[in-house]
Amino acid sequence: MAAELDAPGKSTRGRRAPRLRAWHLIPLLVFPAILIARSGPLAHRRQELLWLTDARTRPLEARLSVPAADVHRPYSRPREERASVAVPLRELARLEEQADRAGIAASYLVHGDPQQGLAHLQHAQPSLNRDNDQAVALLLLGRHDDALERLDTLLEASGRHPQALWNRALVLREMGLHLVSASVFDEVAALGEAGWSKEAREQAAALRRSVTQRMESWKRTHAAMTRLSTDARAPVPLEEARQHPGIARGLFYDAVRTAPSSARVTALLPLAELLDGIHGGTALAEYTRATAARDFTRRAPLAAEYARLLETRAAASADLLTRLRASGEADLLLGAKLRSPDAPSPPDEWESLARKWNDPWVELLVQDALAMQEGLAGEAWQADQRLKAALTLCREKRLRPRCADLLRKVSHRATSANRLLEADEAARASWREAQSMGEWELESAALRALSQAARFQFRVAAARAYLAEYLARAPDTCDVKNYVHRNVAALELMRLRPQEARRALVRAQECGPTVGLVGAWTLTDLMRLDRKPQDEQQIRAELTRALAARETPGRRMLARLVEARFELLLNRSVGNQKLAAVIRDAEPYLSTDADARDAAAVAYQTMAVTAGEAGAFKEVPDVVARQLGVTRPQQCALIAAMEAERTVAVALGPRGQVLGHLDASRKEPLGEDLSGLVPESLLALLRPCPQVDVLAAPPLDSRAGLLPPEMAWSYRVATRTATAPDRKPAAPLHVVVANVETPAGLGLARLSSWESTPAPVGQSMELSGAQATPSRVLEAMARATDIEFHAHGVVDRSLSEAPVIALAPEYDGRYALTSEALRQVKLEGSPVVLLGACSAARLPPLLHQTSSLPQAFVGAGARAVFAATVDIPDSAGRFFQGVRERIHGGATPAVALRAERLRWLREVKGAPWVSQVLLYE
């Protein structure tokens, strides 16, 4: 057994005995009578086998909740990734006999097998300790967000849980959030545990030391370079610039622009040559020599005015810009324009200025400014393309500091467009790049971008952690405190915790009353949930500022949406008029501006739930039908919408009877399973219906359980295509996609087709192996009447927000069938589509919009689409085949799904997943 473990040493001499020596320790709730302290060499050896406690160092840095495994010894980080050590199967069998799932899982984790540990923990008794050990497994698997979410929830219930605090500090450290991690290690140290407290203090000190050194080094360079623009006698900081060439180059241009004489500019030449040597090229030296040759009797007064702009951080006046244009001092004009982006300028002036230097750094600054102008003009696509082209140029020129900043701006634009996975990837790349260069300011900017991408994905724990790290880097800076706390307030409101949101908003206003559009939105909700006398005045003041600001069309729509929702609290008629105006005015921007789409979607949702609040349930079907772009049903339908804590549901009975229900009591965010959301009174009205159409506004339209499994129902989805009344039915064609040869790097097994009979009539076509490429699948589907997919559903952040179907790669490497690609095709055969891809209906959480594979298929012309919200077993083939056979036998898709679902629930063990199969029509 010792050889099986490959333990580094057998001797137990000199080691402190474990506090609880009991390999047979069983969870107290299960076996309270078995807590018998045993001693002796056999029991001790069993512990060593299970927990590897016979080594001088511990094999796992994280802490487990099983006391015998939580013995402090120094941790030695392995020099290289080590394989898991064989677990002691005989000793695990003893734990298995006692149903000690937590103990089994802990042993697997200690031995380096987190997958097995996680599997056993899923069957352990629910407890805070189980949650802690699950977080350890998730940490070992690199799923930091999930681990942090689990630990934060645990610590809300038990704030001094030693193992959870320790593990939270580790997760934060692995996320690169060193200051927040150090503060959590401080909490562990304060618990006074032997060994653990000392190590926690050492960890905290080391983390702070590394951050402080990086910060102080950057700030020295920043201060030295800033002095060049304010003090003509300041020494040229060559050594500081060598350490941080990014911020040095960024500030070098202002040092030249503010120089009062040719001699002072010439003195900067060694610095220009140093930075050229680091970044490549000769642009700075050429710029310095050319500027030194200027006539300073004319330039010096303008340089002094530019210096005052820097000192006051003011925008350039129109008069100054006019004089700079006339002076011919192009670099001063460019600097002033970069500080005055809202100032009007002649067409093409930006590009003309950029061409005056052979300097890619300046070119990138200009492209950045032009992208901002295009965004403000509502040209979102052009702005995105310009930024991405600039990023490509930046990488070619290897100007890493500019690349980090451009990545952060790409992330911001992707967040605004609800391309949240892209936003997260770009922000993370910016964060890594900035950290590798020690660019402190760029690191902070990347943290803000990471927090926003996480916030809009409902990754609350991660968003809070990024914000906390951002605040810890500048705890006394008013703008930072205001930004962090107003965003924390928004997060708390997403969690339906109005009191916590109110406290965060108060903290945001401690050193600055303005909380921006995010704060105005939060205040409007708080006025409904936790009203205070000052709310109305504050909201009006924020809206006045927001509506007057120069913003993108979508942001203007969001400001008007907040205004409409605020007015709705005072007068429903006026509020509804303003909501209708937002929907109408957002229409031209819906295809290009995600903020405009969000504004329209929330306007619809607000109209629906407030109609329910007013008891005007007959209005709800019209509102939701307009939002979904479908015809309003007359009978046998369920219409549902939600906003924050409010949900409205309206049932239309077999004779068109209307019965509505409003629930405003929800205290937690909506779960993935909607069971119980529709009350029994509405269900009773719908039960006589042969089948029920469900019109559900996002995010209710991608979750299971809205209606019970014994009812035949489907989600109604808009389609872009319409079938002509006299059009002949398409010739039957059964297309099967199976045994796909996906890219080797994905590590996906081939999925064979179901053992099913061919389509009863017509032709069959199977695409498999390397032939099942996206282009060939799309071509075959165009004429199909039945389509089956036996392929993996995966998330590829670079391709789509929704899951994609993994197919064989094209010649250029493209392998995914995406919802975006489906929007470009027309399925002429009006097929029934069976998505055997795992979790094909699962969606990343977006705030107000839904885009999924099933909806894309229906939009392209599919008659019906079946997909699951959970991973489905291999036996799913028989289930879907049964559904398809019923449809070919004449049943409607909804009735076929219900019949087969009930049969499986009745006859097949372990098949609750069939209730997670959704139907879209």
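Residues numbered from 1 in each chain as written. Predicted model: local features only at pLDDT ≥ 70, side-chain atom pairs only at ≥ 80, totals over all residues. Heavy atoms only, no water.

Asks: Describe in detail the packing of aromatic side chains, supporting the description with residues and values.
Replies: Applying the stated criterion across every chain yields a total of 13 aromatic pairs. On the numbers, 5.1 Å between centres and 75 degrees between planes, the contact of Trp166 with Trp196 is edge-to-face. Of this pair, Trp166 sits in helix α8 (residues 162-174) while Trp196 sits in helix α10 (residues 196-230); the two residues are 30 residues apart in sequence, bridging distant segments of the chain. Of the residues examined, Trp196 reaches a relative accessible area of 3% and is grouped as buried. For the pair Phe879 and Trp904, a centre-to-centre distance of 5.6 Å together with 85 degrees between the ring planes defines the contact as edge-to-face. One end of the pair, Phe879, is in helix α38 (residues 876-888); the other, Trp904, is in helix α39 (residues 893-907), and 25 residues separate them in sequence. The buried category is assigned to Phe879, whose relative accessible area is 0%. Three or more aromatic residues joined by ring pairs form one cluster here, namely Phe252, Tyr253, Tyr287 and Trp357. Seen from the ring of Trp350, Lys337 lies directly overhead, with NZ or CZ sitting 4.3 Å from the centre. Sitting above the plane of the Trp361 ring, Arg402 keeps its charged end 5.9 Å from the centroid. (Phe/Tyr/Trp six-rings, centres within 6.5 Å; stacked < 30°, edge-to-face > 60°. Helix = DSSP H or I, 4+ residues; strand = E, 2+ residues; numbered from the N terminus. Buried < 20%, exposed > 50% of the residue type's maximum accessible area, 1.4 Å probe, protein only. Lys NZ or Arg CZ within 6 Å of the ring centre and 35° of its normal.)

Asks: Let's hear about the state of the cysteines: which residues, and what values?
Replies: The full count for this structure, using the stated rule, is three disulfides. What pairs with Cys478 in a disulfide is Cys511, and their sulfur atoms sit 1.9 Å apart. With Cys478 in helix α26 (residues 478-494) and Cys511 in the loop between α27 (498-508) and α28 (516-529), the pair connects residues that are 33 residues apart, well separated along the chain. Looking at Cys478, the relative accessible area reads 27%, which means it is partly exposed. Using a relative accessible area of 32% as the deciding quantity, one classes Cys511 as partly exposed. The residue that forms a disulfide with Cys636 is Cys689, at a sulfur-sulfur distance of 2.2 Å. Disulfide Cys636 to Cys689: torsion about the S-S bond roughly -90 degrees, handedness left-handed. Residue Cys636 is located in the loop between α33 (619-628) and β1 (637-643), and its partner Cys689 is located in the loop between α34 (680-686) and β4 (692-696); the two are separated by 53 residues in the primary sequence. Each member of the pair Cys636 and Cys689 is classed as buried. (Disulfide = S-S within 2.5 Å.)

Asks: Account for the pattern of salt bridges, with residues named and values stated.
Replies: With the rule as written, the count across this model stands at 72 salt bridges. A salt bridge links Glu273 to Arg289; the nearest nitrogen and oxygen atoms lie 3.2 Å apart. With Glu273 in helix α14 (residues 269-279) and Arg289 in helix α15 (residues 283-292), this pair connects stretches of sequence that are 16 residues apart. For Asp525, the salt bridge is made with Arg565, and the minimal N-O distance between the two is 2.7 Å. Remark: Arg565 occurs in helix α30 (residues 553-570) and Asp525 occurs in helix α28; sequence separation between them is 40 residues. Considered together, Asp525 and Arg565 belong to a single accessibility category, that of buried residues. Counted as one network, the salt bridges with shared partners bring together Asp525, Arg528, Arg565, Glu613, Glu643, Glu645 and Arg646. (Salt bridge = Lys/Arg side-chain N within 4 Å of Asp/Glu carboxyl O.)

Asks: Can you lay out the confidence of the model for the protein for me, pointing to particular residues and giving the numbers?
Replies: Residues of the protein with pLDDT of at least 70 account for 87%, and the chain-wide mean is 86. Segment residues 1-40: pLDDT under 50, and 71 contacts once partners within four positions in sequence are set aside and those in other chains are kept. (pLDDT = per-residue confidence, 0-100. Contact = heavy atoms within 4.5 Å.)

Asks: Hey, could you go over the packing of helix α24 (residues 440-455) against α26 for me, with residue numbers and the actual values?
Replies: One can describe the packing of α24 onto α26 by two numbers: an axis separation of 11 Å at closest approach and a directional angle of 15 degrees. Classed by the angle they form, the pair α24 and α26 counts as roughly parallel. Of the two possible hands of crossing, α24 and α26 adopt the one that is left-handed. Each of Arg448, Ser451, Gln452 and Arg455 in α24 lies in contact with α26, whose residues at this interface are Tyr483, Asn487, Ala490, Leu491 and Met494. The residue inventory of the contact of α24 with α26, partitioned by class, reads four nonpolar, three polar and two charged. (Axes fitted to C-alpha atoms, helices over the stretch in contact; angles between N-to-C directions. Parallel < 35°, antiparallel > 145°, perpendicular 65-115°, else oblique. Left-handed = near helix turned anticlockwise from the far one by under 90°. Nonpolar A, V, L, I, M, F, W, Y, C, P; charged D, E, K, R; others polar.)

Asks: Hey, could you go over the environment of Gly516 for me, with residue numbers and the actual values?
Replies: By the secondary structure assignment, Gly516 is in helix α28. The spacing of Gly516 and Ala559 is 43 residues in sequence and 10.0 Å in space, taken between C-alpha atoms.

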